[in-house]
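Spelled out, the chains give:
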Protein chains: 2
Amino acid sequence: MITLAVDAMGGDVGLDVTAPAAAAFLNRQPDVRLLMVGHQEQVQAALASAGAPLDRIEIVHATEVVAMDEAPQHALKNKKDSSMRIAIEQVKGGKAQAAVSAGNTGALMATARFVLKTLPHIERPAIAKFLPAQGGHLTLMLDLGANVDCSAEQLWQFAVLGSELFNALHSQKQPARVGLLNIGSEDIKGTEVVKQAFGLLKSSSLNFIGNVESNEIFSGGVDVVVADGFVGNIALKTMEGTVKFIGGAIKEELNRNWLTKLGALGALPALGGFKKRLDPRRFNGAIFLGLRGVVIKSHGGTDAVGFAYALDEAYHEAQSNSLERIAAGVAQRFATAEASDGQPQ
Amino acid sequence: MITLAVDAMGGDVGLDVTAPAAAAFLNRQPDVRLLMVGHQEQVQAALASAGAPLDRIEIVHATEVVAMDEAPQHALKNKKDSSMRIAIEQVKGGKAQAAVSAGNTGALMATARFVLKTLPHIERPAIAKFLPAQGGHLTLMLDLGANVDCSAEQLWQFAVLGSELFNALHSQKQPARVGLLNIGSEDIKGTEVVKQAFGLLKSSSLNFIGNVESNEIFSGGVDVVVADGFVGNIALKTMEGTVKFIGGAIKEELNRNWLTKLGALGALPALGGFKKRLDPRRFNGAIFLGLRGVVIKSHGGTDAVGFAYALDEAYHEAQSNSLERIAAGVAQRFATAEASDGQPQ
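What you see is a predicted model; the values in this text were computed from it and never measured.

Draft legend 1. Just the relation of the copies chain B and chain A, in detail. You can overlay chain B on chain A at an RMSD of 0.0 Å; the transform is a turn of 180° with a shift of 0.0 Å along its axis. Between the two chains, the operation in question is that of a two-fold axis.

Draft legend 2. A look at the packing of aromatic side chains. Tallied over the entire structure, the rule returns 10 aromatic pairs over all chains. Look at Phe218(A) and Phe245(B): their rings are 5.4 Å apart centre to centre, the planes differ by 20°, and that puts the pair in the stacked class. Remark: Phe245(B) occurs in helix α8 (residues 229-254) and Phe218(A) occurs in the loop between β8 (207-212) and β9 (224-226); the pair is interchain, linking two chains. Owing to a relative accessible area of 9%, Phe245(B) belongs among the buried residues under this scheme. Relative to Phe208(B), the ring of Phe198(B) lies with its centre 5.3 Å away and its plane at 75°, an arrangement referred to as edge-to-face. With Phe198(B) in helix α7 (residues 192-202) and Phe208(B) in strand β8 (residues 207-212), this residue pair connects regions lying 10 residues apart in the sequence. Residue Phe208(B) is classed as buried on the basis of its relative accessible area, which comes to 16%. A cation over an aromatic ring shows up here: Arg28(B) above the ring of Tyr309(B), its NZ or CZ 5.7 Å from the ring centre.

Draft legend 3. Layout of helix α4 (residues 83-92) of chain A. All names here are of chain A. For α4, the tally of buried residues reaches eight of 10 residues, placing the bulk of the element in the interior. The set of residues buried in α4 consists of Ser83, Met84, Arg85, Ile86, Ala87, Ile88, Gln90 and Val91. Phi for Gly94, located one or two positions after α4, is positive at around 80°.

Draft legend 4. A look at the sheet that holds strand β10 (residues 286-289) of chain A. Residues and elements named next belong to chain A. Reading across the sheet, the 11 strands line up as β3-β2-β1-β4-β11-β10-β5-β6-β9-β7-β8 and stay open at both edges, with mixed pairing between neighbours. Strands at the two margins of the open sheet, each flanked by one partner only, are β3 (57-61) and β8. Each strand axis lies, on average, 25° off the axis of its neighbour in the sheet, ignoring direction. Where strand β1 (residues 2-7) lies against strand β4 (residues 98-101), three bridges are found, and the strand directions are parallel. Residue pairing in the sheet places Val6 in a bridge with Val100 of β4. Sheet strands in contact with helix α2 (residues 40-50) are β2 (32-38) and β3, and its direction is about 155° off that of β3. Running at roughly 175° to strand β11 (residues 294-297), helix α5 (residues 105-116) makes contact with β4, β5 (126-132), β10 and β11 of the sheet.

Draft legend 5. Geometry of the nonpolar core. Judged by nonpolar contacts, the single largest core of 242 residues is most densely connected at Leu4(A) and Leu4(B). Not counting the four nearest positions on each side in its chain, Leu4(A) is found in contact with Phe25(A), Val32(A), Arg33(A), Leu34(A), Leu35(A), Ala96(A), Ala98(A), Leu311(A), Ala314(A), Tyr315(A) and Ala318(A).

Draft legend 6. Representation of the pairing of strand β1 (residues 2-7) of chain B. All names here are of chain B. For β1, a buried count of six out of six residues is recorded, marking the element as mostly surrounded by other parts of the structure. Here β1 runs beside strand β2 (residues 32-38); their pairing, made up of six bridges, is parallel. When the bridges of β2 are listed, Asp7 appears paired with Val37. Between β1 and its parallel partner β2, the chain crosses via helix α1 (residues 15-28), and the hand of that crossover is right-handed.

Draft legend 7. Representation of the domain arrangement of chain A within the structure. Residues and elements named next belong to chain A. The domain architecture assigned to chain A consists of domain 1 (1-119 + 290-344) and domain 2 (123-285). One C-alpha centre belongs to domain 1, the other to domain 2; they are set 24 Å apart. On the side of domain 2, 23 residues touch domain 1, which itself brings 31 residues to the contact. Together domain 1 and domain 2 conceal approximately 2300 Å² of surface at their shared face, both sides included; 63% is due to carbon and sulfur atoms.

Draft legend 8. A look at the sheet that holds β1(B). All names here are of chain B. As summarised here, the arrangement of the 11 strands in space is β3-β2-β1-β4-β11-β10-β5-β6-β9-β7-β8, forming an open sheet in which the pairing is mixed. For this open sheet the edge positions go to β3 (57-61) and β8, each flanked by a neighbour on one side alone. The sheet shows a mean angle of 25° between the axes of neighbouring strands, taken without regard to direction. Of the strand pairs in this sheet, strand β7 (residues 177-181) and β8 are connected by five bridges, and their pairing is parallel. Following the sheet pairing, Leu180 is matched in β8 by Asn211.

Draft legend 9. A look at the state of the cysteines. Taken as a whole and assessed by the stated rule, the structure comprises zero disulfides over all chains. Of all cysteine sulfurs in the structure, the one in Cys150(B) sits closest to Cys150(A), which takes part in no disulfide; the separation is 18 Å. Judged by relative accessible area, which is 10%, Cys150(A) ranks as buried.

What counts as what
- Each chain carries its own residue numbering, running from 1 in the written order of its sequence.
- Whichever chain is written first becomes A and whichever ligand is written first becomes 1, with later ones labelled in order.
- Local features in this predicted model are restricted to residues of pLDDT 70 or higher, and side-chain atom pairs are both shown and tallied only at a pLDDT of 80 or more, whereas totals for entire chains, interfaces and linings draw on every residue.
- Think of the side-chain values as coming from all heavy atoms in the structure, minus any hydrogens and water.
- A residue counts toward the fit only if its pLDDT is at least 70 in both copies, and the copies are then superposed by least squares on the C-alpha atoms of those residues.
- Note on ring pairs: Phe, Tyr and Trp rings are taken, using the six-membered ring of Trp, and paired if centres are within 6.5 Å. Classes follow the plane angle, with under 30 degrees stacked, over 60 edge-to-face and the rest tilted.
- The numbering of helices and of strands both runs from the N terminus, where a helix is a DSSP run of H or I of at least 4 residues and a strand a run of E of at least 2.
- Relative accessible area decides the class of each residue, using a 1.4 Å probe on protein chains only: under 20% of the type maximum gives buried, over 50% gives exposed, and in between gives partly exposed.
- By definition, being over a ring means that NZ of Lys or CZ of Arg is both within 6 Å of the ring centre and within 35 degrees of the ring normal.
- Pairing between two strands requires that DSSP report at least two bridges joining them.
- Every axis in this analysis is a line fitted to C-alpha atoms, fitted for helices over the stretch in contact. Angles between the N-to-C directions lie between 0 and 180 degrees.
- Throughout, a contact is declared for two residues whenever any of their heavy atoms are within 4.5 Å.
- By convention a nonpolar core is built from buried Ala, Val, Leu, Ile, Met, Phe, Trp, Tyr and Cys residues, the set being connected through side-chain atoms within 4.5 Å.
- Clockwise travel from the first strand over the helix to the second, with the strands pointing away from the viewer, marks a crossover as right-handed.
- Residue ranges labeled as domains rest on an automatic or database domain assignment.
- Each of two parts loses accessible area, computed with a 1.4 Å probe, when they are put together; buried area is these two losses added.
- Only a pair of cysteine sulfur atoms within 2.5 Å qualifies as a disulfide here.

Structure below.
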């Protein structure tokens, strides 16, 4: 039986999202239980009103809540009894296999690093996310914003982490195809750091396919796309902005006159299918990678449907033992490195 | 009468694109003439077969062509009689107000820098492009790939160049709203270089509106978005990739079954309007900014419709005297800087 710890109070909305999401998630996953962390009475009331299966839920009391705009260091120092921190501590103490929170990203990352620590050899954790690509493929991209100024060695560490996670979650014949996000396919392209990272990746034992440009993220031809947190975040938010802009443009065109409005009625099934396929809620759930525990960050503004998808992500990771596989993979690659020339393999 | 110099041989296709584009462009713009640079007989034949108005065309003979995959330094050293270089030399010699080429980007930039030189105070030229935004707004973004490792001062120079170009092309009351591409709106966000650039921009006389995230490029709330060439190129190609991916997903949904196929027929007018609105050919024509001359880079793989839009871009710049206004604006801001504390204003 898998147990997940949920920061029941986190996010823009809190319990009105997390409680119904917990109910929906438990109803579709029979072999899992939840530790709902938050104010005992409030959580109890919200779960009852959401009709959640209480036999598979335990409420863990926490008196404080980290605010969405609270400075990470402030939360770390002053909110030791927050629902966010207690949820992470369930993972640390072995009572849960993963923690999920829709709270303040900076505070969640700072708390997760402080409580769980990074894996041996890993300097800093990264934020990773599966993104939809052609042919139903899912591409893992990292880092999405945790680390703005990265060294080539850190980019290499992200590549190892991403590769091991992808391999843990997918049972394909070949190891994950790793690409370095760059502005051209040639070896000589990119910033100095990116060029150095190219060298490290090329001489590593990863299945490195070379530089990928940002229009190839969706091609299905790459499994793991590595970038520093600044560039990764820019790419992610450009996607979000483009999708929103295009959605607006389609809507405007469909509403332009009576002819297009009439036509829109006929196209509703297809447009509905399209909307469902790219529904951002389905891709909710960013993964904090490189920690000694699984932590999933839900979008702060998502609804119950979206939060339940973040719970799914945590469940899949726990079920696939991704953390153990990542830790073993990282240790092995660094052991090989130390036995040879000291360079990561 | 405005005169534009055209690299008639450049691009993936060459004359079969540039000659019909020249014909279409001249037919819709009466007060302009073209210097078509390339192999005399081949250009003549292509123009005749495209039915171009020959009374407003002069052919300038060039014996060589820069290959699309040629190393920029090789082209610079060995192709002194290329159509690309001779076209740029028409601008240098005052025979044309702007040059347009669909050739090799690296070679075009290297040749333009070598022949025209940068404006006083400008260390390196940038590549800029107008992108579609909400409400029909056009947002100028730079740098799109000419400079991968930038200093804060260079980002400030790009902001000045972009701002002056926007002001020259648009007669609005307020000066261009300049935003710094970043991963959050707070002052403290971003890489070290970006944080330094934020300080320079904040204390400058530009209409600096602060950091903008990449999903705000399309909001219409910013006129000029400044980034280093690595980040700008990643954002641009992410947009292109997302548009293509979404277009493919819509097509798949419309073709899913007989119901959606039937519905698609009704939605054709709206989808056609949508496709036309975001047609990348309409946004063809990247601007090389910071040189002592106007150079427009057309996409290498565009067709005659797209190449004619790049000619339009060159025409608008020449007509608005953008170069003189940019040069004057740059000189004035640096004079103010030198008279005070030496920091750019």
